[in-house]
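Coordinate analysis (summary)
Here are the chains, one letter per residue:
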Amino acid sequence: SVLSKIINEDVESLIINDGGQIFQNNDNVLATFNKYIVRPVDLWGNPDKTGWQFISSPIINNAITNFIPASGDYDFYKYDGNAILQWVNYKKHLHDDFETEFINGTGYLVSYETETIAPFKGILFNDKNFDFSLSFNENDRWGNFTLIGNPFPFNMNWEKFAFGEIIDAYATVNPETGAYIYQKEGEIKVGEGVMIYSTSKDAYLNYDHNTKTRNTDIPNYINVIASGNNGYDN
């Protein structure tokens, strides 16, 4: 007889805590990714600039409202270098200039007063490669910055990117100081975003799932086999 696939239909059955990774073969895998939220050093809202971080979603069709904290204040921004005010605040936006769902491959800037864990819930992104949409404006240098985000449920190695016409580095935010950190190597982890800079209108950035390397002597992944009365899945 032919065995059918076992499909997880409960987002609470697969929990990925911040720092974890998933390498999957199946589409339509439901999961919860718990993003760790950095707490500000001082009282939230003071001008000390701590507690900020770039985030992104490894879940598709995830509503931004699901990521709004249950208690305490917050700030949630997207970056649009071609806008008059480049940082667009979700709380203060006009309803036609801020998306209602996280865009995979896009990063966001957030700060939370009291939250420590914020969950993404839904279907894990499972494309095999990803082309990031980059911004460029020859008349305004701020339009050359793009805040991208890791769309995958696994870490991306910067050295595995294919890119052209961008600065060979990316910027992260130091949550303890609020300052930018520029790096030419490293990993962009699940749920994280980084800022990059285009140098021409032909700038491109691509990440291919199949370029990741695995050490066959020391496996860095878990193979899960599930079986039951209704079938068998790997």
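This text follows the structure it describes.
Quantities reported herein were computed from a predicted structural model and do not represent experimental measurements.

Conventions and cut-offs
- Residues numbered from 1 in each chain as written.
- Predicted model: local features only at pLDDT ≥ 70, side-chain atom pairs only at ≥ 80, totals over all residues.
- Heavy atoms only, no water.
- Core = buried A, V, L, I, M, F, W, Y, C linked by side-chain atoms within 4.5 Å.
- Buried < 20%, exposed > 50% of the residue type's maximum accessible area, 1.4 Å probe, protein only.
- Helix = DSSP H or I, 4+ residues; strand = E, 2+ residues; numbered from the N terminus.
- Contact = heavy atoms within 4.5 Å.
- Phe/Tyr/Trp six-rings, centres within 6.5 Å; stacked < 30°, edge-to-face > 60°.
- Lys NZ or Arg CZ within 6 Å of the ring centre and 35° of its normal.
- Pairing = 2+ DSSP bridges.
- Axes fitted to C-alpha atoms, helices over the stretch in contact; angles between N-to-C directions.

Counting 23 residues, the largest nonpolar core has Ile 55, Phe 67, Phe 76 and Phe 102 as its most contacted members. Elements represented by at least two residues in this core include exactly strand S2 (30–36), strand S5 (74–79), strand S7 (108–112) and strand S8 (117–124). Ile 55 has contacts with Lys 35, Phe 67, Phe 76, Phe 102, Thr 106, Gly 107, Tyr 108, Val 110, Phe 120, Gly 191, Glu 192 and Gly 193, leaving out every residue within four places of it along the chain.

This model, assessed by the stated rule, comprises 30 aromatic pairs. A ring pair is formed by Trp 158 and Phe 163, whose centres lie 5.6 Å apart and whose planes are at 20°; its orientation type is stacked. Lying across the ring of Phe 98, Lys 78 places its NZ or CZ 5.0 Å from the centre. Directly above the aromatic system of Trp 142 lies the positively charged group of Arg 141, at a separation of 4.8 Å from the ring centroid.

Below, the discussion takes up unusual backbone geometry. The backbone phi angle of Asn 61 is positive, close to 55°, even though this residue is not glycine. If you trace the backbone, Asn 61 turns up in the loop between strand S4 (59–60) and S5. Asn 61 gets classed as exposed once you look at its relative accessible area, which sits at 56%. A positive phi is found at Glu 165, a non-glycine position, where the angle reads about 60°.

Within a sheet, neighbouring strands are paired by backbone hydrogen bonds and run either parallel or antiparallel to one another. Taken in spatial order, the four strands line up as S3-S7-S5-S6 in an open sheet, and their pairing is antiparallel. The open sheet has two free edges, formed respectively by strand S3 (53–55) and strand S6 (87–89), since each of these has just one partner strand. When the angles between neighbouring strand axes are averaged without regard to direction, this sheet yields 35°. Sheet topology places S5 next to S6; three bridges connect them, and they run antiparallel. By the bridge assignment, Tyr 79 is partnered in S6 with Trp 87.

With that settled, consider the pairing of strand S17 (residues 204–208). In this structure, strand S9 (residues 129–131) lies alongside S17, joined through three bridges in antiparallel fashion. Counted as the bridge partner of Phe 130 is Tyr 207 from S17. Here strand S12 (residues 162–164) runs beside S17; their pairing, made up of three bridges, is antiparallel. Of the residues in S17, the one forming a bridge with Phe 163 is Leu 205.

In this section: the pairing of strand S16 (residues 193–197). Burial of S16 is extensive: four of the five residues sit out of reach of the surface. By the bridge criterion, five bridges tie strand S10 (residues 145–149) to S16 in an arrangement that is antiparallel. Among the inter-strand pairings, Leu 147 is bridged to a residue of S16, identified as Met 195.

Here the focus is the environment of Ile 22. Of note, Ile 22 is situated in the loop between strand S1 (15–17) and S2. Sequence separation between Ile 22 and Phe 152 is 130 residues; the distance between their C-alpha atoms is 8.7 Å. The residues contacting Ile 22, other than those within four sequence positions of it, are Leu 14, Ile 16, Leu 124, Pro 153 and Phe 154.

Shape is all these values report; function is a separate question.
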